[in-house]
Amino acid sequence: MKRKAGPNYNWYGWIFISTAFLLYLIFTIYPAGASLMLAFQGMDGGKYVFTGLNNFKRMLGDTIFLQSLKNTFFYLIIQVPVMLVMALSIATLLNSKVLKWKGFFRTSIFLPCVTSLVAYSILFKMMFSMDGIVNQILIHFGILDAPYQYLQNSGWARAVIIIAMLWRWTGYNVIFYLSALQNIPKETFEAAKVDGANAFYVFFKVTIPQLKPIILLTTIMSTNGTLQLFDETMNITQGGPANSTMTVSHYIYNQSFVYAPNFGYASAISYVVVFIMIILAIIQFGVAGKDN
Amino acid sequence: MKRKSIAIIMAAVLVMSLFVGCGKAKTENSKENSAAGTEAGKTAEEGKTSGEAKTITVWAWDDKFNVAVMKEAAEVYAESNPDANVKIDVVSLSKEDVYVKLQTALAGGGSGIPDIVLLEDYVSGKYLNTFPGDFVDLTDKFDYSQFLPFKVNAVTQNGKVYAVPFDTGATALYYRIDLIEKAGYTEEDMQNLTWDEFIEIGKDVTEKTGVQMIVEIANNKTTLIRSMMQSCGLWYYDMDGNINIKNNEALKAAFETILKMKQAGILFEAESTEGRAGALNSGTVASVVNAPWFISSLRQAEDQKGQWRAARIPRLSQVSSSINASNVGGSSWYVLEKSKVKDDAIAFMQGVWQGNTDFYDTILLNQGAMGSYIPGYATDAYKAEDEFFGGQKLNGLFTEVLPEVIPVNYGGYVAEANDAITTALSNLFEGKTDVNGALEQAEEQLANQLGR
């Protein structure tokens, strides 16, 4: 039976995936290839002409691009580790046997993830505005005398963006850790306890090693997410003050739609981001070890 | 055998659904593009009987303002030209969508474009430079001497005029007369000021009433900067399109003035456009410099009725060419070259926007829109008194200011220049640099952006 149907079913298989593959080809492969071509082109009198590596050379001297790259890495270095440590701690707490109302806490932690990016960005902008709730609380308790303009100070503006992202994305990672924690075989904990390990030791020597693949996954996902950061800076600060919160994605948008359109240069920047992502992923895989 | 046939049927259904999906998308697409000259649209159009009306698609972005004005124009045209046999379809989008959709459609070869589109004068150069040949040269189609010179100049490139000028951003100083009087000044004192005199009045107002004198948006202070700059007949670019920032005396004076306002404590830095309107409506700020369309934001505070006045904007005493008149923004109508109904679109624009002063009266009364058509200004509609401004003849003020506005070359890169100026001002306000340093920084950033 298997032999009889074999070659035919193989053929059907191709038909079945053809829909998805065709769509993938048209909407993913083709645009990716076309934008790679575009990255080597520049605008000349309304037409795109091949300009070689000009776009990439221009990037090296483009102060706003370099600033936006620096800002993006700033978010990456501060926000991703803080968020993942927070997520892991919360997941461990939620996984605890003694905790009551688990469903309620789990829902509350995950709820921010279903809000729209634009909506929550505007919410944070309002919270940190002159007459926002943050200023009101600080003034009420006598910590501040007059409302402070957080979004006009480069340091604070960055802090607000990081706080907003922590609120929005921590719960998302908690879900990953929670499901991974529940998949760890209970025998390993019992064995460790029998051997006399304390809770601290169990966490670092038994739990963490078994979470390694999922930690790697969340790290790569968060890194990619941060490198593509756009909605938050666009809505909270518009990249200001003095470009201090501008991200690379935001700058790509500006180059395409705010400034005189330069899709060639914008594509070139996108490919630099892709390149950085690949490098970071390779490093992360290397650090996590090949067995994963 | 049975299983095999089921499998084949399922596979066939799946593949069919794919084509059906495609086909549907295509018909929808051609419907959207029927006026835009795609092949699909062409065949669909040819299939129609000659008695059917042609559709002129217009893109604009404000339901209460330019969209409503164009709908009014469509009605006027239908009445005065019953045999024109066109249907005017005004599509309301957000401004960002108009720009992004137009830009992608033109970059993609022109499918899905409208027939007429509204663009701000500040982006005029950008579109004309980036898409040469995509906009119709209207030089011979209109008598441009009848339109405001600075508006015509804004849509002219290489001696050719590419648009029908619509509204202007003629600037006025809107101020609260009750607060000014509390500080010991009169309406008379607010006429034809210099910015230095304005700052002195502002200090008294802030001191005596506790209200800050003037508002500007913190992350984008360019409204004030731009109005000060054009009051001197200068701009980010000179008439040849070269960057003119470092040695621009108007910009230097504008930077000094705005810094002086900040140091005197009379400048309220709002966080957003909403924050700016909110500060004015709640009475936290006594004045604002802006365009005619800003009046509708002021009117939101009904309890302040009669307390507002408008005056000519102050001038920069440091610059000899500075006058008490300027402009921030404004927009114009463009006809697209690849439009299938190009000639009908041009005829429609000629029929309504030129020679028809009744139409200009209607849009002034109904939408508060002040056109750029000079003969339109002579009518009675411009002599109306405005109760919100204590019976002042507000439109009369603008018709006085408008012909004086000095034409400048906005160039193709206004957004880039605004960003460079905003960055430099932020650094200046944070004390990281002085006025000259900030200007040098801005010039450097802009030159870098433009690859010069």
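Residues numbered from 1 in each chain as written. Chains lettered and ligands numbered in written order. Predicted model: local features only at pLDDT ≥ 70, side-chain atom pairs only at ≥ 80, totals over all residues.

(A) View of the overall build of chain B. Scanning chain B from terminus to terminus reveals 17 helices and twelve strands. A fraction of 75% describes how many contacts in chain B between residues 6 or more apart in sequence connect residues 24 or more apart. (Helix = DSSP H or I, 4+ residues; strand = E, 2+ residues; numbered from the N terminus. Contact = placed C-beta atoms within 7 Å.)

(B) Region of the structure containing the interface of chain B and chain A. Contacts between chain B and chain A engage 31 residues on the former and 30 residues on the latter. Of all elements in the fold, only helix H1 (2-33), helix H4 (95-107), helix H5 (121-130), helix H16 (414-429) and helix H17 (435-450) of chain B reach the threshold of two or more residues within the side of chain B that touches chain A. Broken down by element, the side of chain B that touches chain A gets its largest block of residues, six residues, from H16(B). Partitioning the side of chain B that touches chain A into residue classes produces 13 nonpolar, 14 polar and four charged. (Nonpolar A, V, L, I, M, F, W, Y, C, P; charged D, E, K, R; others polar.)

(C) Spatial organisation of the packing of helix H2 (residues 54-61) of chain A against helix H12 (residues 263-288) of chain A. Residues and elements named next belong to chain A. Packing of H2 against H12 brings their axes to within 9 Å, and their N-to-C directions diverge by 75 degrees. Compared by their axis directions, H2 and H12 come out roughly perpendicular. Within the contact between the two elements, H2 uses Asn 55, Phe 56, Arg 58 and Met 59 and H12 uses Gly 264, Tyr 265, Ala 268, Ile 269 and Val 272. (Axes fitted to C-alpha atoms, helices over the stretch in contact; angles between N-to-C directions. Parallel < 35°, antiparallel > 145°, perpendicular 65-115°, else oblique.)

(D) View of helix H8 (residues 195-209) of chain B. All names here are of chain B. Taking 1.5 Å of rise per residue, the 15 residues of H8 would be expected to cover 21 Å, and the 20 Å separating its terminal C-alpha atoms lies within 8% of that figure. Residues of H8 that are buried include every one of Trp 195, Phe 198, Ile 199, Ile 201, Gly 202, Val 205 and Thr 206, and no others. Here the buried residues of H8 occupy an arc of 165 degrees about the axis, which is enough to place them on one side. In H8, those exposed residues whose orientation departs by more than 90 degrees from the buried face are Glu 207 and Lys 208. Looking one or two residues beyond H8, the residue adopting positive phi is Gly 210, at roughly 75 degrees. (Expected span 1.5 Å × (residues − 1). Buried ≥ 20, exposed ≤ 12 C-beta atoms within 10 Å, placed from the backbone. Arc of directions from axis to C-beta.)

(E) Highlighting the pairing of strand E12 (residues 327-335) of chain B. Residues and elements named next belong to chain B. Along E12, eight of the nine residues are buried, which leaves the element largely enclosed by surrounding structure. Sheet analysis places strand E3 (residues 116-120) next to E12, joined by five bridges and oriented antiparallel. Bridging from a neighbouring strand, Val 117 pairs with Tyr 334 of E12. Bridging between strand E6 (residues 164-170) and E12 involves four bridges; their strand directions are antiparallel. Considered in E12, the bridge of Val 164 is made with Trp 333. (Pairing = 2+ DSSP bridges.)

(F) Inspection of the confidence of the model for chain B at higher detail. The pLDDT averaged across chain B works out to 87; a share of 89% of its residues lies at or above 70. On the interface metric, ipTM, the complex scores 0.77, and its pTM is 0.81. (pLDDT = per-residue confidence, 0-100.)

(G) Geometry of the nonpolar core. One finds Val117(B), Met229(B), Ala250(B), Ala254(B) and Tyr334(B) to be the most contacted residues of the largest nonpolar core, which totals 138 residues. If one sorts the elements of this core by residue count, H16(B) sits on top with eight residues. Here this core gathers at least three residues from each of two domains, domain 1 (2-169 + 330-378) and domain 2 (173-326 + 408-450) of chain B. Apart from residues no more than four positions distant in its own chain, Met229(B) is found in contact with Leu234(B), Trp235(B), Ala250(B), Leu251(B) and Ala254(B). Leu88(A), Ala157(A), Met165(A) and Leu229(A) belong to the second largest nonpolar core, which has 26 residues in total. (Core = buried A, V, L, I, M, F, W, Y, C linked by C-beta atoms within 7 Å. Domains from an automatic or database assignment.)

(H) Structural view of the sheet that holds strand E10 (residues 285-290) of chain B. Residue and element names in this part refer to chain B. One open sheet accounts for five strands, arranged E9-E8-E10-E7-E11; its pairing is mixed. Each of the sheet's edge strands pairs with one partner strand only, and the pair in question is strand E9 (267-270) and strand E11 (308-311). Taken over all neighbouring pairs, the strand axes of this sheet differ in orientation by 30 degrees on average, direction set aside. Set on the sheet, helix H9 (residues 222-231) makes contact with strand E8 (212-217) and E10; between it and E10 the angle comes to about 55 degrees.

(I) Structural detail: the environment of Asp380(B). Mapping Asp380(B) onto the fold places it in the loop between helix H14 (357-367) and helix H15 (394-401). Taking C-alpha positions, Asp380(B) is 9.9 Å from Gly396(B), a pair spaced 16 residues apart along the chain.

(J) Spatial organisation of the packing of H9(B) against helix H10 (residues 249-264) of chain B. Residue and element names in this part refer to chain B. Two elements in contact, H9 and H10, have axes whose closest approach is 9 Å; the angle formed by their N-to-C orientations is 135 degrees. Judged on the interaxial angle alone, H10 and H9 are oblique. For the pair H9 and H10, the sense of crossing is right-handed. In contact with Leu 224, Ile 225, Met 228 and Met 229 of H9, H10 contributes Ala 250, Leu 251, Ala 254, Thr 257 and Ile 258. For the contact of H9 with H10, the per-class residue count stands at eight nonpolar, one polar and no charged. (Left-handed = near helix turned anticlockwise from the far one by under 90°.)

(K) Region of interest: the sheet that holds strand E1 (residues 54-60) of chain B. Residues and elements named next belong to chain B. The strand order E2-E1-E3-E12-E6 describes an open sheet built from five strands, whose pairing is mixed. With partners counted over all chains shown, the strands left at the sheet margins are strand E2 (86-92) and E6, one partner each. For this sheet the average axis-to-axis angle between neighbouring strands, irrespective of direction, equals 15 degrees.

(L) Representation of the domain arrangement of chain B in the model. Residue and element names in this part refer to chain B. Assigned domains within chain B: domain 1 (2-169 + 330-378) and domain 2 (173-326 + 408-450). Counting residues at the interface gives eleven residues for domain 1, matched by eight residues for domain 2. If you tally residues by element for the side of domain 1 that touches domain 2, the top one is H5, at seven residues. Looking at the side of domain 1 that touches domain 2 residue by residue, the classes come out as five nonpolar, four polar and two charged.

(M) Structural detail: the environment of Leu93(B). Residues and elements named next belong to chain B. Its location among the elements puts Leu 93 in the loop between E2 and H4. Assessed through the 18 C-beta atoms surrounding it within 10 Å, Leu 93 is described here as partly exposed. Placed 26 residues apart in sequence, Leu 93 and Val 67 show a C-alpha to C-alpha distance of 9.3 Å.

(N) Inspection of unusual backbone geometry at higher detail. Even without being a glycine, Trp101(A) presents a positive backbone phi close to 55 degrees. Position of Trp101(A) relative to the elements: it lies in the loop between helix H3 (63-95) and helix H4 (102-110).

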